[in-house]
Amino acid sequence: MKSTEIVGFKRANLGKKEARELRLEAMVPCVLYGGPEQVHFSAPMYLFRELLFTPDVYKVTLNIEGQIYYGILQDVQYHPVSDIILHADFLAVDDEKEIKIEVPVRFIGTAVGVTKGGKLVQKLRKIKVIGLAKNIPDYVDVPVADLDLGKSVKVGQLKVEGFKIVNNASLPIAGVEIPRALRGTLK
């Protein structure tokens, strides 16, 4: 997993009015849960850019008034019209405790069906995995070199070590579609 840091400040008052005032100051109300106690804090909105606008998975170092916590971004709520971040939830990461997270998919190789004129269609962008934080990879590698026209690779065909895949084994990750021009010529 990649890592990044967010510097925050503890929140003394909780509630709608205080959260609204924080947002007007370009701060995001946040909570860190899953540890010994919940930690309510706020952080500047611009620090979330690296976390939110990438498919990568990050382990976040939370520096809250000098105290260091480690976590992953669990959930973000946005304003329905302006897309401003309303609230962020972090899950505390412990080296001995398993976490469940979605990891992006990366294709390895060029499909045989693509060289014959087919089109590789990605059906799943992220795969849900469970494991220790140190074993969670940046990407789940999916070999597609053996895919022929009309074939697909499913979640159950992946071989992984150090973590488990939670998704249904029969779920397709990617497939090679046969274009309309080739459909009549193939037997």
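Before reading on, note that the structure itself is shown above.
Scope of this entry: the structure provided in the associated data block. Predicted model only: the values in this text are computed from it and were never measured.

Conventions used here
Residues numbered from 1 in each chain as written. Predicted model: local features only at pLDDT ≥ 70, side-chain atom pairs only at ≥ 80, totals over all residues. Heavy atoms only, no water. Pairing = 2+ DSSP bridges. Helix = DSSP H or I, 4+ residues; strand = E, 2+ residues; numbered from the N terminus. Axes fitted to C-alpha atoms, helices over the stretch in contact; angles between N-to-C directions. Core = buried A, V, L, I, M, F, W, Y, C linked by side-chain atoms within 4.5 Å. Buried < 20%, exposed > 50% of the residue type's maximum accessible area, 1.4 Å probe, protein only. Contact = heavy atoms within 4.5 Å. Phe/Tyr/Trp six-rings, centres within 6.5 Å; stacked < 30°, edge-to-face > 60°. Lys NZ or Arg CZ within 6 Å of the ring centre and 35° of its normal.

### With respect to the sheet that holds strand β1 (residues 2-10)
Sheet strands pair via backbone hydrogen bonds, and the direction of the pair is either parallel or antiparallel.
Then comes step 1: Reading around the barrel, the six strands line up as β1-β3-β2-β6-β5-β4 and close back on themselves, with mixed pairing between neighbours. Strand-to-strand twist of the sheet, defined as the mean angle between neighbouring strand axes without regard to direction, takes the value 45°.
Then comes step 2: Across four bridges, strand β2 (residues 27-33) lies against strand β6 (residues 85-92) in parallel orientation. The partner of L32 across the bridge, within β6, is F90.

### Concerning the nonpolar core
Then comes step 1: Judged by nonpolar contacts, the single largest core of 26 residues is most densely connected at I101, V103, I127, V129, V142, V153 and I173.
Then comes step 2: Where this core is concerned, the elements lending two or more residues are β7 (98-108), β9 (126-132), β10 (140-143) and β13 (172-177).
Then comes step 3: Ranked by residues supplied to this core, first place goes to β7 with four residues.
Then comes step 4: Discounting chain neighbours no more than four positions away, the residues touching I127 are I101, E102, V103, V105, V140, L158, I165, N167 and I173.

### Quick look at the sheet that holds β10
Then comes step 1: Sheet architecture is open: four strands sit in the order β10-β7-β9-β12, paired in mixed fashion. Either end of the sheet is taken by a strand with one partner, and the two such strands are β10 and β12 (163-165). Strand-to-strand twist of the sheet, defined as the mean angle between neighbouring strand axes without regard to direction, takes the value 40°.
Then comes step 2: As defined by bridge partners, β9 adjoins β12 across three bridges and the pair is classed as antiparallel. Each bridged residue has a counterpart across the sheet, and for I130 the counterpart in β12 is K164.

### Section: the packing of aromatic side chains
Then comes step 1: On inspection of all chains with the given rule, the structure shows two aromatic pairs.
Then comes step 2: Through a chain of ring-to-ring contacts, the aromatic side chains of F41, F48 and F90 assemble into a single cluster.
Then comes step 3: Geometry around Y70 places K59 over its ring, the cationic atom sitting 5.1 Å from the centre.

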